[in-house]
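# Summary of structural features
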Amino acid sequence: MPIAVCDFAPAFQVAASLHLRPHSEARRLLTGRRAAAAASHASSDSRRPVLQSALRMVDEGGFLIMPNKHSGTSPPESFERSLHGLESSYDAGSLRFHDLLEGLNERLDAMTLLEFERNGHVAIKSLLDKSQTELLQKNVESAFHRHKFDAYIQKLRLLGEDAEDEELKQAAACVRSEEEAKALLDEWSEENDCPIPFLQVFNPHRGSTEEARALSQVVLSPLLGHIAADLLGVRGVRLYQSAVFHKAPGNGETSWHADLATAPFDSNDMVTCWVALTHVTRPAHSPLEFASGSHRDLALPYWYTKEGMENPGGDPREYDVESHLPLQPGDSTWHHGWVYHSAPPNESDQVRVALALSFVAQDAHLLPRKRCRRRPEMEDMESYSEWIEEVKPGAPAAHPLLPVTFSRPPAASRAEDEGDGSTESSIS
């Protein structure tokens, strides 16, 4: 897949600030720049052959990568890089787009897409290389400890809501330190004879901290969005949320659930990328387990209560329950928003850490307030409470906190662009 890169940005900014521009838009951008160069009488400008080469690559089926208007980058005189030429410009902290792009066709071949369509989940091993994984581990760990107190409070509030425990909710509102929060969670778990639950941090990529900026390079990558869009078969995707899952030794199971049941979208198009950041090589490490094919089971969420869906692998459905063991740090699994999945307790002696990225279709709408059979479950409320009151119920889920990370042009626009009578493919 040929790539034309114009107005080259610093390596650490690339993932956060670039967008893939497919054919129709890329051609308009390039021809517009050609016209601007001609208007300035820059007949000997070194950009002209670069633009000519880039336009030819686009016409051959490639993509144009351009910094967006907020990137703050200033283009140097020579601003073309080939796909392989990008390698030297990326430092160890960057998500190397060429690695993902070169392997995209192999990772998302017809059999992989068919597996996702049939089962609702696939594994993409070695999504990140060793240096990328190590940097991600470092920043995820830093973000988790920065937000650990908030994670405790969120867990206590959720337990109080689920158990209708007013005393716990009131106690959680009075907690002022991480130590107090941990003690309260441990005490409640012991009194209710249940394992201590794992902790979850929502959206660590947001904010201005060093680790947030580093994480945004990964989670906003248009190439991860590309994978998500291809798996879902949609034109483009928005990043709904990122989440760190921190499951300490002895922490309990993740109960059976479907992600779309906790999200506020009127859509069937959602996929979650779950990146292992520790070794998950055996059941004791608490791998995700999937009820294969359950994403196509309309009767399950329609007829059954939450308690009635606790064991999709049992009678009468008897779904095959599968995981993708073994997973090494940097490996990933991708699962559909309606596929039922869970994870066993962490019975190992190591913390199990994962970063999950959830994408929804670019044109997804919010659920309306009226005429709904039920409301979303409470688990994700901590994530979407930041923006949901600013989007009208039933309206498109367009908000700055739900950025489009990958988008193809509409089919009509592509046809119009390719049929405009223009045959010029060089800059004269």
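Everything numeric here is computed off the predicted structure, so don't read it as measured data.

## Overview of the overall build of the protein
When you go through the protein residue by residue, the secondary structure sums to 14 helices and 16 strands. Classification of the 428 residues of the protein by burial places 51% in the buried group. Sequence separation of 24 or more characterises 85% of the internal contacts of the protein that already satisfy a separation of 6 or more. Per element, the accessible surface of the protein, about 20,000 Å² overall, is 49% carbon and sulfur.

## Considering the packing of helix 8 (residues 166–174) against helix 9 (residues 178–191)
Contact geometry for helix 8 and helix 9: axes closest at 10 Å, N-to-C directions at 165 degrees. One finds that helix 8 runs roughly antiparallel with respect to helix 9. Crossing hand, helix 8 versus helix 9: right-handed. Contacts from Leu168, Ala171, Ala172 and Cys174 of helix 8 reach helix 9 at Glu180, Leu184 and Trp188.

## Focus on the pattern of salt bridges
Should the charged atoms of two oppositely charged side chains come close, the side chains can pair. Counted according to the given criterion, the structure contains 11 salt bridges. We note a salt bridge from lysine 148 to glutamate 178, for which the minimum N-O separation is 3.7 Å. A residue pair is termed long-range when its members are at least 10 positions apart, and lysine 148 in helix 7 (residues 148–162) and glutamate 178 in helix 9 qualify at 30 residues. Assessed through its relative accessible area of 29%, glutamate 178 is described here as partly exposed. One salt bridge in this structure joins arginine 317 and aspartate 297, with 2.3 Å as the shortest N-O distance. With a gap of 20 residues between them, arginine 317 in the loop between helix 12 (299–303) and strand 11 (321–322) and aspartate 297 in the loop between strand 10 (289–291) and helix 12 connect regions that are remote in the sequence. Relative accessible area serves as the criterion here: at 25%, arginine 317 is assigned to the partly exposed category.

## Some thoughts on a negative patch on the surface
Together, Glu167, Glu187, Glu190 and Glu191 make up a negatively charged patch on the protein surface. Per element, the largest residue contribution to the negative patch is three residues, and it comes from helix 9. Looking at where glutamate 187 falls in the secondary structure, it is placed in helix 9. Here glutamate 187 falls in the partly exposed class, since its relative accessible area comes to 44%.

## Some remarks on the packing of aromatic side chains
Under the criterion given, the structure shown has six aromatic pairs. Centre to centre, the rings of phenylalanine 265 and tryptophan 387 are 6.2 Å apart; their planes meet at 20 degrees, and the pair counts as stacked. Of this pair, phenylalanine 265 sits in strand 8 (residues 265–266) while tryptophan 387 sits in the loop between helix 13 (381–384) and strand 16 (404–407), placing them 122 residues apart in sequence. Across this residue pair, the class does not change: phenylalanine 265 and tryptophan 387 are buried. Arranged with centres 4.9 Å apart and planes meeting at 80 degrees, the rings of tyrosine 302 and tryptophan 303 form a pair that is edge-to-face. Assessed through its relative accessible area of 38%, tyrosine 302 is described here as partly exposed.

## Digging into unusual backbone geometry
Here the amide bond leading from leucine 325 into proline 326 is cis, since omega sits at -5 degrees, within 30 degrees of zero. Within the fold, proline 326 resides in the loop between strand 11 and strand 12 (332–336). The residue glutamate 164 is not glycine, and still its phi comes out positive at about 50 degrees. The topology assignment puts glutamate 164 in the loop between helix 7 and helix 8.

## Structural notes on the environment of leucine 298
Counting through the fold element by element, leucine 298 comes out in the loop between strand 10 and helix 12. Using a relative accessible area of 68% as the deciding quantity, one classes leucine 298 as exposed. Sequence separation between leucine 298 and tryptophan 338 is 40 residues, and the spatial gap between their C-alpha atoms is 9.5 Å.

Calculation rules
Residues numbered from 1 in each chain as written. Predicted model: local features only at pLDDT ≥ 70, side-chain atom pairs only at ≥ 80, totals over all residues. Heavy atoms only, no water. Helix = DSSP H or I, 4+ residues; strand = E, 2+ residues; numbered from the N terminus. Buried < 20%, exposed > 50% of the residue type's maximum accessible area, 1.4 Å probe, protein only. Contact = heavy atoms within 4.5 Å. Areas by Shrake-Rupley, 256 points an atom, 1.4 Å probe, with all protein chains shown as cover. Axes fitted to C-alpha atoms, helices over the stretch in contact; angles between N-to-C directions. Parallel < 35°, antiparallel > 145°, perpendicular 65-115°, else oblique. Left-handed = near helix turned anticlockwise from the far one by under 90°. Salt bridge = Lys/Arg side-chain N within 4 Å of Asp/Glu carboxyl O. Patch = residues over 30% accessible without salt bridge, like charges linked within 9 Å, V, L, I, M, F, W, Y side chains within 5 Å. Lys, Arg positive; Asp, Glu negative; His and termini not counted. Charge placed at Lys NZ, Arg CZ, Asp CG, Glu CD. Phe/Tyr/Trp six-rings, centres within 6.5 Å; stacked < 30°, edge-to-face > 60°.

Geometric descriptors of this kind do not, in isolation, establish any biological role.
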